[in-house]
Amino acid sequence: MKNITLTFPDGSRKEFPEGTTGQQVAENISKGLAREALAVEVNGEVWDLSRPIHGDASVKILKWADDGGKYAYWHSSAHLMAEAIEALYPGTKFGIGPPIENGFYYDIDLGDHTLTSEDLTGIEQKMYEFVGRDVPYTREEKKWDDAFAYFKKKGDPYKLELLEELKGQVITFYHQGTFTDLCYGPHIPSTGRIKAIKLLSVAGAYWRGSEKNKMLQRIYGITFPTKKELDEHLFRLEEAKRRDHRKLGQELELFLLTPKVGGGLPLWLPKGTVVRETLEGFLRDEQRKRGYQAVVTPHIGNINLYKTSGHYPYYKDSQFSPIQVENEEYLLKPMNCPHHFQIYASKPRSYRDLPIRLAEFGTVYRYEQSGELNGLIRVRSFTVDDSHMFVRQDQLKGELCAVIELIQLVFETLGFQDFKTRLSFRDPKNMEKFGGEEGLWIQAEQNIKEAADKMKLNYYIAIGEAAFYGPKIDFMVRDALERTWQLGTVQVDYVMPTRFNLEYAGSDGQKHPPVVIHRAPFGSLERFMGVLIEHFAGEFPLWLAPIQVAILPITDDHVSYAREVTNEFSSRGVRVELDDRNEKVNYKIRDWETKKVPFMLVVGDKEKSGNTVSVRQHKKGDLGTFARDAFLKKTLDAIRSKSLTA
């Protein structure tokens, strides 16, 4: 029998007989690994452990801690749920049932029956019953005609529609117990590996996401290998509800979304504007230190600008309809870069002028369907902290490293210490999605990888996730609830400069196109603010808080001294508010505590006579009495240092 060579993540290699399965590889390594193994990654693709490997390959045995392991686990859980549904509701028609970032869902057609919370409990119980059988998930390759005949006999129109798009491809079925599904996989070895189950909710979902199709019922669920992990996840879900930026945004008077203005078009209220402008000011200062030049561009542009860039053909479906102006068409600006290119091209440039770093907090517009809008996280109007850097080839790596350093500073300052990076490259097998010459793509991807290595980034490579004009580094940030968000981004672009005929005079006297770096540490300010509100649960650090200090006189006799303190703090740049309402001080304290203001200064006879303030800190209570000047200095120092713990 022929042998194959398998390469492991540590670089070691070993020969195995051709047809060896992932399970056999795991057993060869250790019995403990074989017990924990859920799936195997073969040349970057997640497979069932039972699937034979027929050629040389890079392999990794996947456990629960691995993303691929969770993917297979939750995919298998979706099939388990579908089997339970079919047992309880014979004749159910099934749409799709994929794993998602946290858990899984399945879209189903139950006819006239609308699922209730009691129904979900019943499905859960049936799933536990099927777990007890511990039956295997088995993969079967089918001829297309046989697959079509199976689902036609079963009477499942959604699977038949999916099959119509798979003609000429290898069709795979998966079986477990009494359930059979059309599925690519992968799956875990058996149902018995699923230990803790919770079905979370039911929502409406149009088939294939189109409003022209039938509304199905989408059941969301999640499973874990232990009940402890499930309990911890459910606690985080409850905490997420408490931290929901839409709820806190209303309670703390940060922003407003109203149908009178339109879906996905947020209005920034005074307190939210303070936070937003403070963030902008922080980044403007850092950019100024690094030689960026601020620019401002309009909210619309001639459609030909975006046709040249490629944004219009590539993103046509996500843009608002063109505006007709004097026999010309204009677009609400979908991106800032074409405008910045015009600024660069407005006069001759020399190699001595580069790098040129243009920066703008530019508002752009995207048409998102109403069902996809989500508070500040997904909107139709958002502001990008955009910069376009025009550099020579010999400057590229240094500029990339400087941008990475700036983004790291932004995240660390705001308390996002735990982040990974994704190097988003093109898919060489699907170049229709990407513009430009292959050689330039290869060079750009090499540039990005070298910069990531030099900066010692913790990264992984994602094939097919590049922008249409170039590869990028996406920063994946983990918040206080351990949720992952894609925020900042850096992109290398060799394509746009040639499309716009950008050039500079080189030291050789010849014309050369610059390389463009697209860069946005925050990304969308709206999305960043939504994440930030939830990360801090609305309890912003002192330097970001809309109101940093509240002054609370005990009685009317102390208002004049309280006003004196207020004026002094305000004149020194502290955002302070005097509460001179005719209410008892304990009521005021409770009220300001709900507003999540970092500090309250209570003043009465003792404080007035001693020129002091009694300090209360949000969630920590009474800190004691401080000399007025000393506490002001302490406050200013914490604001200047952007302390997270003041």
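What counts, and where the lines are drawn
Residues numbered from 1 in each chain as written. Predicted model: local features only at pLDDT ≥ 70, side-chain atom pairs only at ≥ 80, totals over all residues. Heavy atoms only, no water. Helix = DSSP H or I, 4+ residues; strand = E, 2+ residues; numbered from the N terminus. Buried < 20%, exposed > 50% of the residue type's maximum accessible area, 1.4 Å probe, protein only. Areas by Shrake-Rupley, 256 points an atom, 1.4 Å probe, with all protein chains shown as cover. Lys, Arg positive; Asp, Glu negative; His and termini not counted. Charge placed at Lys NZ, Arg CZ, Asp CG, Glu CD. Contact = heavy atoms within 4.5 Å. Expected span 1.5 Å × (residues − 1). Salt bridge = Lys/Arg side-chain N within 4 Å of Asp/Glu carboxyl O. Pairing = 2+ DSSP bridges. Axes fitted to C-alpha atoms, helices over the stretch in contact; angles between N-to-C directions. Core = buried A, V, L, I, M, F, W, Y, C linked by side-chain atoms within 4.5 Å. Patch = residues over 30% accessible without salt bridge, like charges linked within 9 Å, V, L, I, M, F, W, Y side chains within 5 Å. Phe/Tyr/Trp six-rings, centres within 6.5 Å; stacked < 30°, edge-to-face > 60°. Lys NZ or Arg CZ within 6 Å of the ring centre and 35° of its normal.

1. With respect to the overall build of the chain
Within the chain, the secondary structure is distributed over 20 helices and 35 strands. In terms of overall dimensions, the chain has C-alpha extents of about 90 × 75 × 60 Å along its principal axes. Scored against the burial criterion, the 646 residues of the chain give a buried share of 52%. Within the structure as shown, the chain displays about 30,400 Å² of accessible surface, and the carbon and sulfur contribution to it stands at 49%. Within the chain, the 91 negative side-chain charges are centred at a point lying 2 Å from the centre of the 88 positive side-chain charges.

2. A few points about the environment of threonine 7
Tracing the chain through its elements places threonine 7 in strand 1 (residues 3-7). Sequence-wise, threonine 7 and methionine 127 are 120 residues apart; in three dimensions their C-alpha atoms are separated by 38 Å. Threonine 7 has contacts with Ser12, Arg13, Ala57, Ser58 and Val59, leaving out every residue within four places of it along the chain.

3. Here we look at helix 17 (residues 559-571)
Every α-helix winds through 3.6 residues per turn, so residues three or four apart in the chain are directed the same way. The terminal C-alpha atoms of helix 17, which comprises 13 residues, lie 18 Å apart, in line with the 18 Å expected from a rise of 1.5 Å per residue. Those residues of helix 17 that fall on the buried side of the exposure criterion are Val559, Tyr561, Ala562, Val565, Thr566, Glu568 and Phe569. Once helix 17 ends, the next one or two residues include glycine 573, with phi positive near 100°.

4. Notes on unusual backbone geometry
A cis amide bond, omega 5°, links glycine 185 with the succeeding residue proline 186. Backbone geometry at aspartate 134 places phi at a positive 50°, although glycine is not the residue there. In this fold, aspartate 134 is placed in the loop between helix 4 (117-131) and strand 11 (138-142). Of note, the phi angle at arginine 208 is positive, near 60°, even though the residue is not glycine. By the element assignment, arginine 208 lies in the loop between strand 14 (196-206) and strand 15 (215-224).

5. Points about the pattern of salt bridges
Taken as a whole, this structure holds 50 salt bridges when the rule is applied. In this structure, the salt-bridge partner of arginine 284 is glutamate 280, at a minimum N-O distance of 3.1 Å. Here arginine 284 pairs with glutamate 280, and both are found in helix 9 (residues 270-289), just 4 residues apart, close to one helical turn. A relative accessible area of 11% places glutamate 280 in the buried class. The shortest N-O distance in the salt bridge between glutamate 445 and arginine 426 comes to 2.7 Å. Residue glutamate 445 is found in helix 14 (residues 438-454), and its partner arginine 426 is found in the loop between strand 24 (419-425) and helix 14; the two are separated by 19 residues along the sequence. Each of the two residues, glutamate 445 as well as arginine 426, counts as buried. Salt bridges linked by common partners bring Arg276, Glu280, Arg284 and Glu526 together as one network.

6. Let's talk about the sheet that holds strand 30 (residues 515-520)
Picture the strands of a sheet paired through backbone hydrogen bonds; they go either parallel or antiparallel. With mixed pairing, 8 strands are arranged side by side in an open sheet as 18-22-23-30-27-26-24-25. Edge positions in the sheet fall to strand 18 (293-294) and strand 25 (459-463), since each of these pairs with one other strand and no more. Sheet analysis places strand 27 (residues 484-493) next to strand 30, joined by 5 bridges and oriented antiparallel. Directly across from threonine 489, in strand 30, lies its bridge partner alanine 520. Across the sheet, helix 12 (residues 337-344) touches strand 22 (356-365), strand 23 (381-391), strand 27 and strand 30, and the angle it forms with strand 23 is around 35°.

7. Concerning the sheet that holds strand 31 (residues 549-553)
Spatially, the 5 strands line up as an open sheet ordered 32-31-33-34-35, and their pairing is mixed. Because the sheet does not close on itself, it has two edges, and the strands there are strand 32 (576-578) and strand 35 (621-627). Recorded for the sheet is a direction-independent mean angle of 25° between the axes of neighbouring strands. The sheet contact formed by strand 31 and strand 32 spans 3 bridges and is parallel.

8. Considering the nonpolar core
In terms of nonpolar packing, the biggest core is built from 77 residues, with Leu279, Phe411, Leu414, Phe528 and Leu601 touching the most fellow members. Top contributing element to this core by residue count: helix 13 (residues 396-413), with 9 residues. For phenylalanine 528, the contacting residues outside a window of four places in its chain are Leu279, Phe411, Leu414, Phe416, Leu487 and Phe522. If you look at the next biggest cluster of nonpolar residues, it comprises 36 residues, including Tyr73, Leu80, Phe179 and Leu230.

9. Notes on a nonpolar patch on the surface
A surface patch of nonpolar side chains, amounting to about 210 Å² of accessible area, comprises Leu256, Val261 and Leu267. Checked against the element boundaries, leucine 256 lands in strand 16 (residues 255-256).

10. Regarding the packing of aromatic side chains
Applying the stated criterion across every chain, the model contains 29 aromatic pairs. Their ring planes at 85° and their centres at 6.4 Å tell us that phenylalanine 411 and phenylalanine 416 sit as a pair that is edge-to-face. Comparing phenylalanine 411 with phenylalanine 416 shows no difference in burial state: the two are buried. A centroid spacing of 5.5 Å and a plane angle of 65° characterise the contact between phenylalanine 411 and phenylalanine 419, whose relative ring orientation is edge-to-face. We classify phenylalanine 411 as buried; its relative accessible area is 0%. Looking at phenylalanine 419, the relative accessible area reads 16%, which means it is buried. The ring of tryptophan 47 carries the charged tip of arginine 51 above its face, separated from the ring centre by 3.9 Å. Positioned above the aromatic ring of tyrosine 344 is the side chain of arginine 349, whose terminal nitrogen or guanidinium carbon lies 5.1 Å from the ring centre.

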